[in-house]
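Chains, contacts and geometry: an overview
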Amino acid sequence: MSNVTAAGSKNGLLDPKQWLASTPDALRKLDPRLMWRNPVMFIVEIGAVFTTVLAIADPSAFAWIITVWLWLTVLFANAAEAIAEGRGKAQADSLRKAKTDTIAYKVASSAITSPRDITVTEVAAPGLQRGDLVLVKAGQVIPGDGDVVTGIASVDESAITGESAPVIRESGGDRSAVMGGTKVLSDWIVVKITQEPGASFLDRMIALVEGANRRKTPNEIALNILLAAMTIIFLMATVTMQPVAIFSKDWMAAAPDTEVLNASGVTGIVMVSLLVCLIPTTIGALLSAIGIAGMDRLVQRNVLAMSGRAVEAAGDVNTLLLDKTGTITYGNRRASEFLSVPGVAAARLADAAQLSSLADETPEGRSIVVFAKETYGLRERSAGELSHATWVEFTAQTRMSGVDLAEEHGLHEIRKGASASVIQWVKDNGGNPDGQVTELVDRISNAGGTPLLVAEHKAGHDAEVLGVIHLKDIVKEGMAERFAQLRSMGIRTVMITGDNPLTAAAIAKEAGVDDFLAEATPEDKLELIKKEQDGGRLVAMTGDGTNDAPALAQADVGVAMNTGTSAAKEAGNMVDLDSDPTKLIEIVAIGKQLLMTRGALTTFSIANDIAKYFAIIPAIFAAVYPGLDAMNVMRLSSPTSAIISAVIFNAIIILLLVPLALKGVKYRAASASSLLRRNLLIYGVGGIVAPFVGIKLIDLLISLIPGL
Amino acid sequence: MSTTTAGYVFIAAMIVALIAVYKPLGDYIYRVVTREKHRAPERFVYKLVGVKADTEQTWGGYARSVLAFSALSIFFLYGLQRLQEHLPWSNGMAEVPAALSWNTAVSFTTNTNWQAYSGESTMGHLVQMAGLAVQNFVSAAVGVAVAIVLVRGFARKLTDRLGNFWVDLTRITIWVLLPIAIVGAVVLIIGGAVQNLTAETVTQAGQHITGGPVASQEVIKELGTNGGGFYNANSAHPFENPTSWTNFFEIFLILCVPFALTRTFGRMVGDKRQGLAIAGVMAVIALASVLLVVGFENAADGTVPTAIGAAMEGREVRFGTPNSSFFAAATTLTSTGAVDSFHDSYSAWGGGVLTLNMLLGEVAPGGVGAGLYGMLVLAVITVFVAGLMVGRTPEYLGKKIGAREIKLASMYFLTTPALVLIGLAASISVPDNLTSMQDKGTHGLSEMLYAFASASNNNGSAFAGFSANTDWFNTALGLCMFFGRFLPIIFVLALAGSLAKQKATPASEGTFPTHKPLFVGMVVFTTLILVALTFLPVLALGPVAEGLF
């Protein structure tokens, strides 16, 4: 989706254009029926309406300034949400382009051998039902999600994945799933539709990034309850202050009436100002933007989450199940070491190993050639270069490959292959491999590697074993560090592999995973997930095959690969469009960052209250009890300017924190203790100090306005 | 040694004494409430009441039992007072008026012990012993039982069973409160407290002082953080609290169970450090509060205080200012309505801190049981806000704090501020009520605020000058006591129910650590911000304005 994100979000977060573009939406969101969903800001809106009425009834500069800023507070909150949604909308619009009115060509049976002379029924794509069969030819757009049942084709999936290289889709196997909106480039296929009408990937993605009908996630609901409770508490604190204020004013009857307090109590404008400053408006305003932006970050990384709940669960994950092949190790085994038997020079072994592998086109064979070149400086010879050579291909029967070189002294045969086969070959040619060879073989097997023997037979000599090639799974670079990071965050990693326990243990140790499941069947995987969950842990995994589906469904976070089968995609709660299993680690990070951002801004919002109290309480009551002026620690210039400054700060801080809400707080892998210390320092202590400074600065400016 | 130095030695000695009993007492309560087998005296009680002791209750069943028991207690206590002139050992006291009987019945059942009457001239020995003293035991036991249920909610998993109220009530009463009370009463008698059943009055040099079963009443009044005195003068009376060392002993009785319960909590959840952390939060707030009150009272201005180095108005000479201040802080930090000096006489700041102690919800260490559950609710809220900052759904002791948990915790912490603020605002709006204030203006406001803080938090002590014996205040404060006790209990039990149903998430490096000093600091901070800031406007117009006047 790189083509989309470039337009949507890479520009500056405080780009005035974004703010301008979001203004109509921000105004539309003032509708009380929409505001009601956000209780904190709804209260602010009611307050703004109230002060507007008061300001019209009894106009003063003070009343109007407060009124304007209260409306701005609400608008800033709406704009934050609109901007977050706007970034998603840009993506949705580009996705919609793929969702043109495709015509589907329905066929009656999948048993076709040629796309010509077939009776097809034309239907509009939205009219397709689950189970319908459609024919898609080169140049046509696939009308809906489904599985290929007949044929093979290259498909351009860039509309969904952003990846421009076409992929092969064919019937049967794990590459049968196709998505609506993608385009067949060559050949033809018959697709069996697996989606319900209007519930394709494209539809789900559009719904996800638009955020309009976003459902609140469990943690968001809980946070909303807490914010509502705090709003009620401060509402009570403010309202009940009035009789007490009247009582105090009555007792100190000689105190002059001011614009903030007179014989009938604290003025309405001031009451509303105090309330708005105390209730958690900062987090209330940004909460929904944080949630939308979190989903957006996931989409930007080409991960499609079926629900917000899954994203939160990702932050809570305790155990990651990672497939060995492709995730922890490169897909293929590689040569990592040449071990020569005593008496054979290392260079001789390397030379023989390379020569015997030149004709071996398997990835393992290639890796031997490359390893010899890189480690022993042996030039890679091409097979045609050695004219006197006869190449011996690898076959399943011989389990050996090699070369026969016609030299002056006769035939020089070199063989490389599985140990049993090579030993037999040596014996057949008069050699007698001794215990040292078996020892080398065992050593490599015990280390979890695969031993390949290299032997040669020169005319006139007995055949002899030169040494052993150590083939092993190569752990991707940086995996051990990533697992260590995960461990420091309290996340256990479990490697899943079909290897035998010995091999699995060796790789697990090298990769630094916490545990492994060897000779794993899909049932074992499911069992492991259930066991972890019974222990109260949340499990995340990736999978692509149909046999992964039960485990994907059971896992708390199941990420299906886009290349996988429809069954796998249906079962998981996320789909990775890049089909990169290591992305699970990033998904966890995004989930954590989302929760951290909420927590940080809530803490900041609550911590802000201290300074606001110190601004407003003395401003209201110092006229009655002059001693209370001692509470005016910021030495704000006048009661009205103190209140205005607090209200302005309260509004502006929303504006300033929008980028943080959209970007998320800085995330790094660390233990809970160190994350807590850091965030508490920045957002807790910072939340206490910032408003003291901010309100004072605003007051310095306000005090320049005459008459306030 | 100056009085001030002696005061600090007194405080230090108290800390040592509390640390000494923390482990043994906490472990003992743990054994009492978790023991499988029922002992003979318990079985006798169960048989008598007809309880199936091995059947555990759901939170709803437990709540119904608590409410039914409390309703019955109120009814019984009411009847006892109304009929006392027809019953033996009435000392010739007349029947107690209906409104006052009602107020007293609610007050003692809710562990508040707000006394709108003068003990020695209103209640006969039977009411004192069979009514008030019994409630001093069982209302305290109810508090502990509810706290234990909340702890079970954290400790258990995948169950809706939270224990049996009648078993908890019986065991806590007869194995925890009763033995300590018996020993304590003997200690107080040795110290000079009166214990007799005479209807006579001690007559000497023109004084008439009623005797009675004072020591036995006094000990449970402190131990159960009740506070209802035998005499009107409460613990300032020499028959209740004769010497400086009995004063020490009484403060010790007030504080020992609430602090030790955190150890019980740690044992039950299987991590003693968690208990220590909660005790740490309580200790930080308590120590700060005690030192502030002592400091403010020693530094009180005015001609006489300056001359003698401290404010002595309203204090007993045998206790002195620092020890009286300690007693005042200890009683307001817990839900003990006892006084050994008169809080109305405290300086603006000192009195303000006493009010704040109660407004914090009496959680440091709080009433027996009530303090622990109040503090755990605050810990839940702290974990929820700050716990998000580590990037996980907040969890406390392995339990996730989701929507339902936060809803119940929020309703808990909304209750008392609502009662105090609405009660105060409504009362101060009615001009007739202003005559109850002994002083006007800031100090008068402090008096009224204190009354509502005390009733809503089930403390029971009064700013002495305030005349609360009016129809309005009897009704309003009665409602505050009633709702201030039972609404939070229902919310806490529901919270326990919802926690116990969950699985337990094992702790890992990624878990928000709730046993470290950082967490202690955060709970202290949350308590101050969430609770104290709610009351800042009224505090500013009361104690703060008076202090800065």
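Residues numbered from 1 in each chain as written. Chains lettered and ligands numbered in written order. Predicted model: local features only at pLDDT ≥ 70, side-chain atom pairs only at ≥ 80, totals over all residues. Heavy atoms only, no water.

In the annotation of an unreviewed UniProt entry, chain B is listed under the name Potassium-transporting ATPase potassium-binding subunit and assigned to Actinorhabdospora filicis. Looking at the Subcellular location (unreviewed entry) heading of the UniProt record, one finds this comment for chain B: "Cell membrane". Within the UniProt record for chain B, the comment given under Sequence similarities (unreviewed entry) is "Belongs to the KdpA family." (UniProt positions renumbered as here; feature names shortened; annotations may be inferred.)

For chain A, an unreviewed UniProt entry supplies the name Potassium-transporting ATPase ATP-binding subunit and the organism Actinorhabdospora filicis. Regarding chain A, the relevant UniProt record gives this comment under Catalytic activity (unreviewed entry): "K(+)(out) + ATP + H2O = K(+)(in) + ADP + phosphate + H(+)". Quoted verbatim from the Subunit (unreviewed entry) field of UniProt, the annotation for chain A is "The system is composed of three essential subunits: KdpA, KdpB and KdpC."

All right, on to the overall build of chain A then. Helix and strand content of chain A: 24 helices and 22 strands. Radius of gyration (C-alpha) of chain A: 35 Å, far over the 27 Å computed for a compact globule of 708 residues. C-alpha extents for chain A along the principal axes are approximately 125 × 70 × 45 Å. When each of the 708 residues of chain A is scored for burial, the buried share is 57%. For chain A, restricting intrachain contacts to residue pairs at least 6 apart in sequence, the fraction spanning at least 24 positions comes to 69%. Carbon together with sulfur atoms contributes 57% to the accessible area of chain A, which is approximately 27,800 Å² in total. (Helix = DSSP H or I, 4+ residues; strand = E, 2+ residues; numbered from the N terminus. Rg over C-alpha atoms; globule rule 2.2 N^0.38 Å. Buried < 20%, exposed > 50% of the residue type's maximum accessible area, 1.4 Å probe, protein only. Contact = heavy atoms within 4.5 Å. Areas by Shrake-Rupley, 256 points an atom, 1.4 Å probe, with all protein chains shown as cover.)

Attention now goes to the UniProt feature "active site" (unreviewed entry) in chain A. Residue and element names in this part refer to chain A. Mapped onto the present numbering, the UniProt feature "active site" (unreviewed entry) falls at Asp323. One can find Asp323 in strand β11 (residues 319-323). When residues no more than four places from it in sequence are discounted, the contact partners of Asp323 are Ile328, Ile496, Lys525 and Thr542. In this structure the side chain of Asp323 is engaged in a polar contact, spanning 3.4 Å, whose partner is the side chain of Lys525. (Polar contact = N/O pair within 3.5 Å; in protein donor to acceptor, adjacent residues only side chain to side chain.)

Attention now goes to the pairing of strand β18 (residues 492-496) of chain A. Remark: a regular strand shows side chains that alternate across the two faces of the sheet. All names here are of chain A. Here β18 lies mainly inside the structure; four of its five residues are buried. Summarising the sheet, β11 and β18 pair through five bridges and their orientation is parallel. Its bridge partner being in β18, Asp323 is matched across the sheet by Ile496. Two elements, β18 and strand β19 (residues 515-517), share three bridges in a ladder whose sense is parallel. Along β19, the bridge assignment pairs Ile496 with Leu517. Following the chain from β18 across helix α17 (residues 501-511) to the adjacent parallel β19, one finds a crossover that is right-handed. (Pairing = 2+ DSSP bridges. Right-handed = clockwise from strand over helix to strand, strands pointing away.)

Residue and element names in this part refer to chain A. Burial in helix α14 (residues 419-428) covers these residues: Ser421, Val422, Trp425 and Val426. One face of α14 carries all of its buried residues, which in axial projection span an arc of 135°. The exposed residues of α14 that point more than 90 degrees off its buried face are Ala420 and Asp428. Next to the buried residues of α14 lie β14 (400-407), β15 (410-418), β16 (450-458) and β17 (464-475). (Arc of directions from axis to C-beta.)

Attention now goes to the interface of chain B and chain A. Each partner contributes residues to the interface: chain B has 60 residues there, and chain A has 63 residues. Overall, the association of chain B and chain A removes approximately 5,200 Å² of surface from exposure, summing both partners, and the carbon and sulfur fraction of that is 78%. Scanning the region where chain B abuts chain A turns up zero salt bridges. At the junction of chain B with chain A, the criterion picks out nine residue pairs in polar contact (both at pLDDT 80 or more). Listed by contribution, the elements that provide at least two residues to the side of chain B that touches chain A are α14 (370-387), α15 (403-429), α16 (441-456) and α18 (517-547) of chain B. Classifying every residue of the side of chain B that touches chain A gives 41 nonpolar, 12 polar and seven charged. (Buried area = accessible area lost by both parts, 1.4 Å probe. Salt bridge = Lys/Arg side-chain N within 4 Å of Asp/Glu carboxyl O. Nonpolar A, V, L, I, M, F, W, Y, C, P; charged D, E, K, R; others polar.)

This next bit is on the packing of aromatic side chains. Under the definition given, this model contains 23 aromatic pairs over all chains. On the numbers, 5.1 Å between centres and 90° between planes, the contact of Phe338(A) with Phe371(A) is edge-to-face. Here Phe338(A) is found in strand β12 (residues 329-340), whereas its partner Phe371(A) is found in helix α13 (residues 363-376), with 33 residues between them in sequence. Of the residues examined, Phe338(A) reaches a relative accessible area of 8% and is grouped as buried. Exposure remark for Phe371(A): the relative accessible area of 16% places this residue in the buried category. Judged by centre distance (6.3 Å) and plane angle (45°), the rings of Phe614(A) and Phe692(A) are tilted. Of this pair, Phe614(A) sits in helix α22 (residues 609-621) while Phe692(A) sits in helix α24 (residues 672-702), and the two are 78 residues apart along the sequence. Classification of Phe614(A) by relative accessible area gives partly exposed; the value is 25%. What makes Phe692(A) partly exposed here is its relative accessible area of 22%. Taken together through their ring pairs, the aromatic side chains of Tyr62(B), Phe69(B), Phe165(B) and Trp166(B) make up a single cluster. (Phe/Tyr/Trp six-rings, centres within 6.5 Å; stacked < 30°, edge-to-face > 60°.)

We now examine the nonpolar core. Ranked by size, the top nonpolar core spans 313 residues in total, and within it Leu320(A), Met574(A), Phe621(A) and Tyr396(B) carry the most contacts. The biggest single contributor to this core is α18(B), with 18 residues. Once you skip the residues sitting within four places of it in the chain, Phe621(A) turns out to touch Met241(A), Ala245(A), Leu261(A), Val266(A), Leu628(A) and Leu541(B). Core analysis: the second largest hydrophobic core is formed by 39 residues, Ala455(A), Val465(A), Val468(A) and Ile469(A) among them. (Core = buried A, V, L, I, M, F, W, Y, C linked by side-chain atoms within 4.5 Å.)

Moving on to unusual backbone geometry. Residues and elements named next belong to chain B. Pro365 follows Ala364 through a cis peptide bond whose omega is -5°. Of note in the backbone geometry, Asn111 takes a positive phi value of approximately 65° without being a glycine. Locating Asn111 in the fold gives a position in the loop between α4 (98-109) and α5 (119-122). Classification of Asn111 by relative accessible area gives buried; the value is 2%. Despite not being glycine, Asn458 has its phi angle at roughly 60°, a positive value. Looking at where Asn458 falls in the secondary structure, it is placed in the loop between α16 and α17 (471-501). On the basis of relative accessibility, which here comes to 6%, the residue Asn458 falls in the buried class.

For the rest of this paragraph, the subject is the pairing of strand β3 (residues 133-137) of chain A. All names here are of chain A. Of all the five residues making up β3, four are buried; the element is thus mostly covered by neighbouring parts of the structure. Two elements, strand β1 (residues 103-107) and β3, share three bridges in a ladder whose sense is antiparallel. Bridge pairing links Val107 to Leu133 in β3. Two strands pair when backbone bridges link them, and β3 and strand β7 (residues 183-193) are joined in this way by five bridges, in the antiparallel orientation. By the bridge assignment for β7, Leu133 is matched with Lys192.

Looking at chain B, the pLDDT average stands at 90 and 97% of residues meet or exceed 70. The complex prediction reports pTM at 0.87, with the ipTM value standing at 0.93. (pLDDT = per-residue confidence, 0-100.)

Moving on: the side chain of Ser70(B). Residues and elements named next belong to chain B. Topologically, Ser70 is positioned in helix α3 (residues 59-82). A residue is classified by how much of its surface remains accessible, and Ser70, at 4% relative accessible area, is buried. If we skip the residues at most four places from it in the chain, Ser70 touches Thr109 and Phe486.

To continue, consider the side chain of Asn219(A). With respect to the helices, strands and loops of the structure, Asn219(A) is situated in helix α8 (residues 218-251). Residue class for Asn219(A) comes out buried when judged on its relative accessible area of 3%. Other than its neighbours up to four places away in sequence, Asn219(A) contacts Glu312(A), Leu595(A), Arg598(A), Phe384(B), Leu388(B) and Pro394(B).

With that settled, consider the packing of α16(B) against α18(B). Residue and element names in this part refer to chain B. Contact geometry for α16 and α18: axes closest at 8 Å, N-to-C directions at 125°. Looking at the two axes, α16 sits oblique to α18. Of the two elements, α16 crosses α18, and the hand of that crossing is left-handed. On α18, the residues that touch Thr442, His443, Leu445, Ser446 and Leu449 of α16 are Val538, Leu539, Leu541, Gly542, Pro543, Ala545 and Glu546. A class-by-class count of the residues in the contact of α16 with α18 yields seven nonpolar, four polar and one charged. (Axes fitted to C-alpha atoms, helices over the stretch in contact; angles between N-to-C directions. Parallel < 35°, antiparallel > 145°, perpendicular 65-115°, else oblique. Left-handed = near helix turned anticlockwise from the far one by under 90°.)

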